[in-house]
Amino acid sequence: MTTEIRRVGVVGGGQMGAGIAEVCARAGLDTVVCESDAPGARAAHERVATSLERAVRRGKLDRLSAEDALARMIFTGSLDELADRQLVVEAVAEDTRAKTEIFAALDKIVEDPLAVLATNTSSLPVMRLGMATHRADRVVGLHFFNPVPVLPLVEVVSSLHTSAETVTAVTRLAEHTLGKTVVRSQDRAGFVVNALLIPYLLSAIRMAESGFATAADVDAGMELGCAHPMGPLKLADLIGLDTVASIAASLHDEFKEPLYAPPPLLRRMVEAGLLGRKSGRGFHTYDRS
């Protein structure tokens, strides 16, 4: 792609999708956020507006810049609104079928054959999503980290089909337009960060599950003993225990290593809807007011 990316679409207006859309709009990009329906689109709008207001209160963003960013964004319940985008980032839940269906639909809707279709997946194969399209060379992993407006890292993941031009285009966007730091990874489950992080989180969960130490003590040990800014169980709660379980399952499916298997306690908590911060309770309890 020789032209600069200025028109971006984001599919999914949840925590990650809203964050990706926000950083794009704050960088001056024309941004369209697509949710599954009109109520979802309104919720995504509110999520971004709240985040921008928080940035203003904390002195990270001035009021005029926040208003300008929100004015650059359109929130919709229709994928058809993404037809003219140069880049579309998929940021829905870690579900292979849902993501594959979205890529197949985007392949038909996005008009420019040189447009890039990116996925924010944490662990699923980029190749699988690319093969749902007729433009696998234009499909790439663009994995942001939560909270997107704060954390500076993006993983760029190329499949066996992803072209060098596609990797260059999204790397330029991430680094020069969005101001992120890029690390590159081959298309393997977990990429770089989660392949290292998830076994650590699962080990902490097994420690709490066995009664070896309480969740509070596990977290205090790593925060105060290893200078980690957040303990592993607090971090798992922040990521979302359903997301942690999904990434772990993907890693275990690909490598068959026991250390990647989701512990029974994690599976039970997900089944019970105890997902961490977003549900108000995980390994710790959170005020959702």
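Caption draft 1: Structural context of the nonpolar core. The biggest cluster of nonpolar side chains holds 40 residues, and the ones touching the most others in it are I20, L87, L142 and V156. Counting residues in hydrophobic clusters, the runner-up holds 23 residues, among them L202, A204, V218 and L241.

Caption draft 2: Spotlight on a positive patch on the surface. Among the surface-exposed residues, R54, R57, R58 and K60 lie close enough to one another that they form a single positively charged patch. Examined against the element boundaries, R58 turns out to sit in the loop between α2 (38-57) and α3 (63-71).

Caption draft 3: Examining the side chain of H143 more closely. Tracing the sequence through the fold places H143 in strand β6 (residues 139-144). Here E155 takes part through its side chain, which lies 2.8 Å from a polar atom of the side chain of H143. Look past the residues within four positions of H143 in its chain and what remains in contact with it is T119, N120, T121, S122, L153, V154, E155, F191 and N194.

Caption draft 4: Expanded view of the environment of G190. Among the secondary structure elements, G190 is positioned in the loop between β8 (181-186) and α7 (193-209). Not counting residues within four places of it along the chain, the set of residues in contact with G190 comprises S122, S123, A195 and L251.

Caption draft 5: Local environment of the packing of α7 against helix α11 (residues 264-271). The contact between α7 and α11 brings their axes to 8 Å, and the two run at 90°. Considering the angle they form, α7 stands roughly perpendicular to α11. Across the interface between the two elements, L202, I205 and E209 of α7 pack against P264, L265 and L266 of α11. Residues belonging to the contact of α7 with α11 are distributed by class as follows: five nonpolar, no polar and one charged.

Caption draft 6: Quick look at helix α10 (residues 241-255). For α10, spanning 15 residues, the distance from its first C-alpha to its last is 21 Å, which sits close to the expected 21 Å at 1.5 Å a residue. Listed in full, the buried residues belonging to α10 are L241, V244, A245, S246, I247, A248, S250 and L251. On the buried face of α10, the contacting elements are α7, α9 (232-239) and α11. Remark: K256 follows α10 within two positions and exhibits a positive phi of approximately 60°.

Caption draft 7: Local environment of the packing of helix α8 (residues 215-225) against α9. Between α8 and α9, the least distance of the axes is 7 Å, while the angle of their chain directions is 105°. Viewed along their axes, α8 and α9 adopt a mutual orientation that is roughly perpendicular. Listed contacts from α9 to A215, V218, D219, M222 and E223 of α8 are P232, L233 and K234. In terms of residue class, the contact of α8 with α9 is built from five nonpolar, no polar and three charged.

Caption draft 8: Representation of the packing of aromatic side chains within the structure. Per the counting criterion, the structure on display carries one aromatic pair. Ring plane angle 40° and centroid distance 5.8 Å describe the contact between F255 and Y260, whose orientation is recorded as tilted.

Caption draft 9: Geometry of the pattern of salt bridges. Under the criterion given, the structure shown has 11 salt bridges. A salt bridge links R6 to E4, with the nearest nitrogen and oxygen atoms 3.4 Å apart. Here E94 and K99 are joined by a salt bridge, their closest N and O atoms 3.4 Å apart. Accessibility classification places E94 together with K99 in one group, the buried group.

Caption draft 10: View of the side chain of E22. With respect to the helices, strands and loops of the structure, E22 is situated in helix α1 (residues 15-26). Polar contacts involving the side chain of E22 include one to the side chain of S51, which spans 2.5 Å. In this view, E22 contacts V48, S51, L52, M73 and P149; residues no more than four positions away in its chain are not counted.

Caption draft 11: Focus on the sheet that holds strand β7 (residues 153-158). Pairing in this open sheet of eight strands is mixed, and the strands run β3-β2-β1-β4-β5-β6-β7-β8 from one edge to the other. Looking along the sheet, the strands with just one partner apiece sit at the ends: β3 (73-76) and β8. Within the sheet, the average angular offset between the axes of one strand and its neighbour, ignoring direction, is 25°. Against the sheet, α2 makes contact with β2 (30-34) and β3, and its axis sits at roughly 150° relative to β3, the strand it touches most.

Reading the values: rules and limits
Residues numbered from 1 in each chain as written. Predicted model: local features only at pLDDT ≥ 70, side-chain atom pairs only at ≥ 80, totals over all residues. Heavy atoms only, no water. Core = buried A, V, L, I, M, F, W, Y, C linked by side-chain atoms within 4.5 Å. Buried < 20%, exposed > 50% of the residue type's maximum accessible area, 1.4 Å probe, protein only. Patch = residues over 30% accessible without salt bridge, like charges linked within 9 Å, V, L, I, M, F, W, Y side chains within 5 Å. Areas by Shrake-Rupley, 256 points an atom, 1.4 Å probe, with all protein chains shown as cover. Salt bridge = Lys/Arg side-chain N within 4 Å of Asp/Glu carboxyl O. Lys, Arg positive; Asp, Glu negative; His and termini not counted. Charge placed at Lys NZ, Arg CZ, Asp CG, Glu CD. Helix = DSSP H or I, 4+ residues; strand = E, 2+ residues; numbered from the N terminus. Polar contact = N/O pair within 3.5 Å; in protein donor to acceptor, adjacent residues only side chain to side chain. Contact = heavy atoms within 4.5 Å. Axes fitted to C-alpha atoms, helices over the stretch in contact; angles between N-to-C directions. Parallel < 35°, antiparallel > 145°, perpendicular 65-115°, else oblique. Nonpolar A, V, L, I, M, F, W, Y, C, P; charged D, E, K, R; others polar. Expected span 1.5 Å × (residues − 1). Phe/Tyr/Trp six-rings, centres within 6.5 Å; stacked < 30°, edge-to-face > 60°. Pairing = 2+ DSSP bridges.

Don't take any of this as a statement about function, it's just geometry.
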